[in-house]
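Structure at a glance
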Amino acid sequence: IGPTNSGKTFRALQKLKKADRGYYAGPLRLLAREVYDRFQEEGVRCNLLTGEEVIRDLDSAGNPAGITSGTVEMVPLTQKFDGVVLDEIQMMSDPDRGWAWSNALLGVRSREVHLCGEKSTLPVIEKIIKMTGDRLTVNEYERLGELKVESRPLSKGLKSLKKGDCIVAFSKKKILDLKLKIEKETNLKVAVIYGSLPPETRIQQASLFNSGECDVMVASDAIGMGLNLSIDRVIFTTNVKFNG
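Described below are features of the structure shown in this document. Keep in mind it's a predicted model, so treat the numbers as computed, not measured.

Re the side chain of Thr68
By secondary structure assignment, the location of Thr68 is in strand β4 (residues 67-71). Residue classification places Thr68 among the buried residues on the basis of a relative accessible area of 12%. At 3.1 Å, the side chain of Thr68 and the side chain of Asn47 are in polar contact. Residues in contact with Thr68, not counting those within four places in the same chain, are Gly22, Tyr23, Tyr24, Cys46, Asn47 and Leu49.

What to know about the layout of surface pockets
There is about 910 Å³ of room inside the second largest pocket. In this structure, the second largest pocket is lined by 29 residues; those nearest its centre are Val113, His114, Leu115, Leu136 and Thr137. When residues of the lining of the second largest pocket are traced back to their parent elements, those giving at least two are α1 (8-17), α3 (98-107), β6 (109-115) and α4 (122-132). When residues of the lining of the second largest pocket are assigned to their parent elements, the largest contribution, 6 residues, is made by β6. A class-by-class count of the residues in the lining of the second largest pocket yields 16 nonpolar, 6 polar and 7 charged.

Some words on the sheet that holds β4
A sheet is described by the order of its strands in space; here 6 strands give the open sequence β3-β2-β4-β1-β5-β6, paired in mixed fashion. Whereas interior strands pair on both sides, the edge strands pair on one side only; in this sheet they are β3 (54-55) and β6. Against the sheet, α1 makes contact with β1 (22-26), β4, β5 (80-86) and β6, and its axis sits at roughly 155° relative to β1, the strand it touches most. Relative to the sheet, helix α2 (residues 29-41) contacts β1, β2 (47-49), β3 and β4, its axis offset from that of β4 by approximately 160°.

So, how was this worked out
- Residues numbered from 1 in each chain as written.
- Predicted model: local features only at pLDDT ≥ 70, side-chain atom pairs only at ≥ 80, totals over all residues.
- Heavy atoms only, no water.
- Helix = DSSP H or I, 4+ residues; strand = E, 2+ residues; numbered from the N terminus.
- Buried < 20%, exposed > 50% of the residue type's maximum accessible area, 1.4 Å probe, protein only.
- Polar contact = N/O pair within 3.5 Å; in protein donor to acceptor, adjacent residues only side chain to side chain.
- Contact = heavy atoms within 4.5 Å.
- 1 Å grid on protein atoms, 1.4 Å probe; cavity = no way out; pocket = protein on both sides within 12 Å on 5 of 7 lines; lining within 4 Å.
- Points joined across faces, edges and corners; volume = space filled by probe spheres on them.
- Nonpolar A, V, L, I, M, F, W, Y, C, P; charged D, E, K, R; others polar.
- Pairing = 2+ DSSP bridges.
- Axes fitted to C-alpha atoms, helices over the stretch in contact; angles between N-to-C directions.

Now the structure itself:
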């Protein structure tokens, strides 16, 4: 448990790399793809399993890799694993998708399950572990970087934007309008991320921003789900989100 940017998922993934059979279960297709790409770059064999993409990492004999990165809904409950990482475990409380985390936590056949999430989830986890009779080890991590709140909003509007900024909006139309407006009014190059973008495009946009080819990011709150982006400052266009 720990806040954002405390390295909790990173540490869990280090353990997963050493497993013969393991699964990383993330809340987003983009995050599953990010873990898959990272493992591949580091020479760790890994499959990808999401509702949109299935990539099997086969060896010369046609055997798939023992480790899979995927979305939480896709966790196979019949397979045996040495280790499973359940990321963003606080999503158990989500009225629409919470079932998937509960399902995975209670149903996955693994010797070790690493739950990564916020401290607020701990009482529920402790209650569940008491009922299942499993052994619980709690590792608490501190934020690695300092989080500061600015004293006032942007004084010159979009002209106050600088490299490394991320502007959060809550609709595709607003995101695309902002991109055009920023590029028209400033010299900054803009990357965009929102939920309905195809996975390849999202990965490309994230890497354009991380590599510095794009100066600012305009995104929906999808970026709050553990995506690794080199953001210096987060700016909200509104503090209200329509919830249906």
